[in-house]
Amino acid sequence: MKNRKVIVKVPASTANLGPGFDTLGMALSLYAWIEMSESGTGETTFEYYGEGMDGLPRDKSNLLYKVAQLVFEEAGVRVPELTVSMYSDIPLTRGLGSSASAIIGALVAANALIGSPLSKEKLFKIATELEGHPDNVGASLFGGIVVSAWDGSEAHYARIEPHERLKTLVAIPAFELATEKARHALPSTLSMADAVFNVGRSSLLVAALAGGELGLIRHAMKDRLHQPYRAALIPGMAEILERAADFGALGAALSGAGPTLIAFVDAASGEKTALEEFLKSTLAKEGIEAETLWLSPCPHGAEVTVEEIAGGEGLSLPERIKGEVKA
Ligand code: HSE
């Protein structure tokens, strides 16, 4: 292990997909990379590359460090000092699973560093415990569309291969929204009618995605469990969810806890520019600047490369992934 370096590429994710609150997730073609090795100097160090990461801790209070130590503890090995680098294109606190991707990256990297003694299922369980829900971590770990259930101790999941014509357009507002705040907006009870509404839509959505029935998505991507309560936190959201289909979207949802909005689009749609303009102008009307990105569902989960370090440092993380990053 002393001479080993691992690099893990982890996809971003969108959670809920509308009705599947804390249950459905899909991996997206936007990535974070984590590089980890046992420290050769006897000291733990962190390097961050990417926007908004300057403020992250560089000592052992760091999430990546703590997550890696959970793996070592579970496997019964000691690796107290690490060299960690991270580059991320996934914007922080915007509803694209940045914290889930960091957790999965650190779990997978730490596990690979010690010869992968823990199964993916075990890593999924640890990640779900850390996040409190399985939707983002499941998508980042397994890739594709992941349907999962968590009862506080067991996590079960099934994967769906995304349809080849399924694309997404995300509008990422220029403000952050903490998941905790967005969860705080939710009621503690729901009416039976709303519960039935969501069971129906979420089930229909899973069946439509599994069966490649893209035309059903617009009827299925509706929600009465969380989006109506979160709408006040994201001005323009209600109009976007209501009218996106008029601009050619297959359906639209709040991405995770927001504030990012996501539209599902048929790759063959001729209305892509109109949809993008609609999303941007609706948010602009509310005084919200937003970046739009066309992303594909990512069919792969976290991918690991293990390298033997034969003396010297080798390439830095940004040098190594140049050409793969967004910027
Ligand atoms: N399912 C979660 C939520 C995803 O909507 O709060 C956010 O991380």
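Within each chain, residue numbers correspond to sequence positions counted from 1 in written order. In keeping with the model being predicted, local features are shown solely for residues with a pLDDT of at least 70 and side-chain atom pairs are shown and tallied solely at 80 or more, while totals for entire chains, interfaces and linings include all residues. Side-chain metrics rest on all non-hydrogen atoms present in the structure, leaving aside hydrogens and water.

## Quick word on the site of the ligand
Then comes step 1: Contacts to the ligand come from Ala15, Asn16, Phe21, Asp22, His133, Asp135, Asn136, Thr179, Arg183, Arg230, Gly256 and Ala257.
Then comes step 2: Under this definition, polar contacts are N or O atom pairs within 3.5 Å; protein pairs additionally need one hydrogen-donor-capable and one acceptor-capable atom, and for neighbouring residues in sequence, both atoms have to be side-chain atoms. In the model, a nitrogen atom of the ligand is placed 2.5 Å from a nitrogen or oxygen of the Asp22 side chain.
Then comes step 3: A distance of 3.3 Å is found between an oxygen atom of the ligand and a side-chain nitrogen or oxygen belonging to Asn136.
Then comes step 4: For the shell around the ligand, the elements supplying multiple residues, two or more each, are helix H4 (135–142) and helix H5 (179–184).
Then comes step 5: The residue inventory of the shell around the ligand, partitioned by class, reads 3 nonpolar, 5 polar and 4 charged.
Then comes step 6: Shared between two domains, the shell around the ligand takes at least three residues from each, and those domains are domain 1 (4–161 + 298–319) and domain 2 (166–295). Proximity is defined per residue: any heavy atom of the residue falling within 4 Å of a molecule or strand makes that residue near it. A run of H or I in DSSP counts as a helix once it spans at least four residues, and a run of E counts as a strand once it spans at least two, with each numbered from the N terminus. All residues other than Ala, Val, Leu, Ile, Met, Phe, Trp, Tyr, Cys, Pro, Asp, Glu, Lys and Arg, Gly among them, are scored as polar; the first ten of these are nonpolar and the last four charged. These domain boundaries are the output of an automatic or database domain assignment.

## Examining the pattern of salt bridges
Then comes step 1: We count a salt bridge whenever a side-chain nitrogen from Lys or Arg sits within 4 Å of a carboxyl oxygen from Asp or Glu. Within the structure shown, the criterion is met by 13 salt bridges.
Then comes step 2: One salt bridge connects Glu161 with Arg159, and the closest N-O pair in it is separated by 3.0 Å.
Then comes step 3: The salt bridge partner of Arg224 is Asp194, with a shortest N-O separation of 3.2 Å. Placement of the pair is Arg224 in the loop between helix H7 (217–220) and helix H8 (227–230) and Asp194 in helix H6 (residues 192–211), with a sequence separation of 30 residues.

## Observations regarding the packing of helix H2 (residues 98–113) against helix H3 (residues 120–131)
Then comes step 1: Axes here mean lines fitted to C-alpha atoms, for a helix over just the part in contact, with angles spanning 0 to 180 degrees between N-to-C directions. At a minimum axis distance of 10 Å, the contact between H2 and H3 shows a crossing angle of 145°. Read as a crossing pair, H2 and H3 show a hand that is right-handed. Here Ser99, Ala100, Ile103, Ile104, Leu107, Val108 and Asn111 of H2 lie close against H3, whose contacting residues are Leu123, Ile126, Ala127, Leu130 and Glu131.
Then comes step 2: Here the contact of H2 with H3 is composed, by residue class, of 9 nonpolar, 2 polar and 1 charged. The hand of a helix crossing depends on one turn: near helix anticlockwise from the far one by less than a right angle means left-handed, and clockwise means right-handed. Whether two residues are in contact is decided by their heavy atoms, any of which lying within 4.5 Å being enough.

## Here we look at the UniProt feature "binding site: ATP" (unreviewed entry) in the protein
Then comes step 1: UniProt positions are given in the numbering used here, feature names are shortened, and annotations may be inferred rather than shown by experiment. Those places that UniProt annotates as "binding site: ATP" (unreviewed entry) correspond, in this numbering, to Pro91, Leu92, Thr93, Arg94, Gly95, Leu96, Gly97, Ser98, Ser99, Ala100 and Ser101.
Then comes step 2: Setting aside chain neighbours within four positions, we find Thr93 in contact with Ser98, Glu176, Leu177, Ala178, Gly258 and Pro259.
Then comes step 3: Polar side-chain contacts of Thr93 include one of 3.1 Å to the side chain of Glu176.
Then comes step 4: Structurally, Ser99 can be placed in helix H2.

## Overview of H2
Then comes step 1: Its 16 residues place the ends of H2 22 Å apart at the C-alpha level, agreeing with the 22 Å of an ideal helix rising 1.5 Å per residue.
Then comes step 2: The cut-offs for exposure are 20% and 50% of the maximum accessible area for each residue type, with area from a 1.4 Å probe on protein chains only; residues under the lower value are buried, those over the upper are exposed, and the others partly exposed. The buried count for H2 comes to 15 of 16 residues, which makes it a mostly enclosed element.
Then comes step 3: Phi turns positive one or two residues past the end of H2, at Gly115, with a value near 90°. Each helix should span, by expectation, one fewer than its residue count multiplied by 1.5 Å.

## What about the packing of aromatic side chains?
Then comes step 1: By convention, a stacked pair of Phe, Tyr or Trp rings (six-membered ring in the case of Trp) has centres within 6.5 Å and planes under 30 degrees apart, an edge-to-face pair has planes over 60 apart, and any other such pair is tilted. Under the criterion given, the structure shown has 7 aromatic pairs.
Then comes step 2: Geometrically, the ring pair formed by Phe124 and Tyr157 is edge-to-face, given 5.4 Å between the ring centres and 80° between the ring planes. Residue Phe124 is located in helix H3, and its partner Tyr157 is located in strand S6 (residues 155–160); the two are separated by 33 residues in the primary sequence.
Then comes step 3: Residues Phe142 and Tyr157 carry aromatic rings whose centres are separated by 3.9 Å and whose planes lie at 10° to one another, so their mutual orientation is stacked. Of this pair, Phe142 sits in helix H4 while Tyr157 sits in strand S6, and the two are 15 residues apart along the sequence.
Then comes step 4: The class of Phe142 is buried, set by a relative accessible area of 8%.
Then comes step 5: Looking at Tyr157, the relative accessible area reads 30%, which means it is partly exposed.
Then comes step 6: Every member of this aromatic cluster is reached through a ring pair, and the members are Tyr31, Trp33 and Tyr87.
Then comes step 7: Over the ring of Tyr31 we find Lys9, and its NZ or CZ is 4.4 Å from the ring centre.
Then comes step 8: Lying over the aromatic face of Phe197, Arg224 brings its terminal NZ or CZ to 4.0 Å of the ring centre. In this analysis the charged atom, NZ for Lys or CZ for Arg, is taken to sit over a ring once it is within 6 Å of the ring centre and within 35 degrees of the ring normal.

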